[in-house]
Amino acid sequence: MNQSKKVIQNVIVTILIISMAFSYSFAVSAKETILTEGEFRYKIVNDAKGNHSVSIQEYIGVSQEITIPETLGGYTVTEVSALKKEKTYIKTLVITKNIKSINPEIYKEKIESYKVVSENRNFSTAEGVLFNKTKTELVSYPKEKKDKEYTEPITVKTSSGANGNSYVEKWTFSSNKKYKKIEDYACYGLSGLKEVVIPNNVKIIGDFSFAQCKQLKKVKVGKGIERIWNNSFENTNIQRIKLPQSLLSIGIGAFRACKLESLKLPSRLKFIDSYAFAQNAKLKKIKIPDSVTLIRKDAFGTKKKGMKVEMPSYLKKTYRFNGLNYNYIAKATVFSNGKTKDYKAEKITKIKPFKKSVFVKKGKTERIYTNVYINKKKKGILKTNILKFSSSNKKVVKVTSSGKVKALRKGTSIVTVTLRTADESYSTKKILGNHGEILADADKMTKKSYKIKITVK
């Protein structure tokens, strides 16, 4: 009898386990089931607390005016994962009050305008453009918006850009002080874009920001730009561009295959990456400023026929990877104990006069010698090709580019000797994104110079 009871109990337990497993399986499959109501296909999803909501999977209607329903199947619609399989034209997309998230792929749809009900806590609109609630983020510019000009509101701190819109001809970025970077691909491949305005608050122009905008000819670059990243203006119609003195670096292919006819590089520029100005057939002459300490291989293209690159003599060709690749690096040649040795100019921590004052007879010459410190250690006498000389009284003393002083008449003059790669002192702060991420490190350049008194007898 006892044995029979055990058998019955085991059977019951087994049935219960199977039943529970079946119920769980059904629940899981039901969760993923695509349902249809009206013009929408949707699925029911659960959050971590077990609350039910709806995610729209497809719009199956034919209207060009699409309003996201507030409920489907008795549950609140909070998410739009997809709309149309066929990317047909949507004149207006109305976002209702409970929508919390929208799949970014939807922004690629052919949409002319967005509308958001005022009760929605996550999104807002202005002129048919979609923003977050506080308008600090431009979420999506409608791909089919017909306006030829657009200026981002001053509230905007970050922007997804023009979203491939082919109608816009002029785009002006936000002048919000916290707007630091033009996002990667912000205006990539805009077939109609002709003019861009970048305010002074912007520090970084992102990768491919304006690449393949083949009609883009006029670019007003703000005075605060510090970095132009890779391929930013590649294959555009830019013939001339005024680069600000704040600019520190130019990335790979930044102006490759443009229509540049002339170019003046700013006096604070430090770094030019590979192919930055390659394939600019009309660009015949480029002068590299003294501030530059590194130029990557083929920055001006592989074929230099017809192009003259005027480069400081301290920039020396340095081969890497078995001679296959090379860079031009700012190097300082130092004399010590009858020998010479090259050091990277960026390692120079100080320069000092060999003598603090010099007496020269009228009509005679005297050479200025400079002690150099590499990583705070004195290394010897610095070659003059990386130095710049100036006289406070040119009627008394004339000084050549090689540091040779010629006494013209009796009197005194102060000669200033400056490291060419550090002509001025400046510092930049770390550039932070809107979520605290570091977009670019801080830069600090301290002017390295000294003064020497020249007395002519």
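The rules behind these values
- Residues numbered from 1 in each chain as written.
- Predicted model: local features only at pLDDT ≥ 70, side-chain atom pairs only at ≥ 80, totals over all residues.
- Heavy atoms only, no water.
- Helix = DSSP H or I, 4+ residues; strand = E, 2+ residues; numbered from the N terminus.
- Rg over C-alpha atoms; globule rule 2.2 N^0.38 Å.
- Contact = heavy atoms within 4.5 Å.
- Salt bridge = Lys/Arg side-chain N within 4 Å of Asp/Glu carboxyl O.
- Buried < 20%, exposed > 50% of the residue type's maximum accessible area, 1.4 Å probe, protein only.
- Core = buried A, V, L, I, M, F, W, Y, C linked by side-chain atoms within 4.5 Å.
- Patch = residues over 30% accessible without salt bridge, like charges linked within 9 Å, V, L, I, M, F, W, Y side chains within 5 Å.
- Areas by Shrake-Rupley, 256 points an atom, 1.4 Å probe, with all protein chains shown as cover.
- Lys, Arg positive; Asp, Glu negative; His and termini not counted.
- Charge placed at Lys NZ, Arg CZ, Asp CG, Glu CD.
- Pairing = 2+ DSSP bridges.
- Axes fitted to C-alpha atoms, helices over the stretch in contact; angles between N-to-C directions.

A. Up close: the overall build of the protein chain. Scanning the protein chain from N- to C-terminus turns up one helix and 42 strands. Against the compact-globule benchmark of 23 Å for 457 residues, the protein chain has a radius of gyration of 33 Å, which places it well outside the compact range. Projected onto its principal axes, the C-alpha positions of the protein chain cover 125 × 70 × 40 Å. Summarising the internal contacts of the protein chain: among those between residues at least 6 apart in sequence, 38% fall at separations of at least 24.

B. Layout of the pattern of salt bridges. All told, the structure shown has 18 salt bridges when counted by the stated rule. A salt bridge links Glu-58 to Arg-41; the nearest nitrogen and oxygen atoms lie 3.4 Å apart. Here Glu-58, found in strand E3 (residues 52-59), pairs with Arg-41, found in strand E2 (residues 40-46); they are 17 residues apart in sequence, far enough to count as distant. Between Asp-273 and Arg-296 there is a salt bridge; the shortest N-O distance is 3.9 Å. Taken together, the positions of Asp-273 in the loop between strand E22 (271-272) and strand E23 (285-287) and Arg-296 in strand E24 (residues 294-296) put the pair 23 residues apart, joining distant regions of the chain. Here Asp-273 falls in the buried class, since its relative accessible area comes to 12%. One network of salt bridges, with partners in common, ties together Lys-203, Glu-226, Arg-227, Lys-270 and Asp-443.

C. Region of the structure containing the nonpolar core. Phe-210 and Phe-255 are the most contacted members of the largest nonpolar core, which totals 87 residues. When residues of this core are assigned to their parent elements, the largest contribution, five residues, is made by strand E27 (residues 325-336). Not counting residues within four places of it along the chain, the set of residues in contact with Phe-255 comprises Ile-228, Phe-233, Ile-241, Leu-243, Ile-250, Leu-260, Ala-276, Phe-277, Ala-278 and Asn-280. The next biggest cluster of nonpolar side chains, apart from the first, holds 25 residues, and it includes Tyr-59, Ile-66, Leu-83 and Leu-93.

D. Inspection of a positive patch on the surface at higher detail. A cluster of like positive charges, contributed by Lys-220, Lys-223, Lys-242, Lys-264, Lys-285, Lys-287 and Lys-308, occupies part of the molecular surface. The topology assignment puts Lys-308 in strand E25 (residues 308-310).

E. Inspection of the sheet that holds strand E15 (residues 170-172) at higher detail. On the basis of which strands lie adjacent, the open sheet formed by four strands has the order E13-E15-E17-E19 and parallel pairing. A single partner strand is all that each edge strand has here, and the edge strands are strand E13 (149-151) and strand E19 (218-220). Each adjacent strand pair in this sheet contributes to an overall mean axis angle of 5 degrees, direction not counted. As paired elements, E13 and E15 share three bridges and run parallel to each other. The residue bridging Thr-151 from the neighbouring strand is Thr-172, located in E15.

F. A look at unusual backbone geometry. For Tyr-185, which is not glycine, the phi dihedral falls at a positive 65 degrees. With respect to the helices, strands and loops of the structure, Tyr-185 is situated in the loop between strand E16 (181-182) and strand E17 (195-197). The phi angle at Phe-208 is positive, at roughly 55 degrees, despite the residue not being glycine. For Phe-208, the position within the fold is in the loop between strand E18 (204-205) and E19. We classify Phe-208 as partly exposed; its relative accessible area is 23%.

G. Summary view of the environment of Lys-362. Tracing the chain through its elements places Lys-362 in the loop between strand E30 (357-360) and strand E31 (365-367). In this structure, Lys-362 is in contact with Ala-407, Leu-408, Arg-409, Val-456 and Lys-457, ignoring residues within four places of it in sequence.

H. Expanded view of the sheet that holds strand E9 (residues 111-116). Strands sit in the order E4-E7-E9 across an open sheet of three strands; the sheet is parallel. Both edges of this open sheet fall to strand E4 (65-67) and E9, since each of them pairs with a single strand only. Within this sheet the neighbouring strands show an average axis-to-axis angle of 20 degrees, counted without direction. The sheet contact formed by strand E7 (residues 90-95) and E9 spans five bridges and is parallel. Bridge pairing in E9 places Thr-92 opposite Ser-113.

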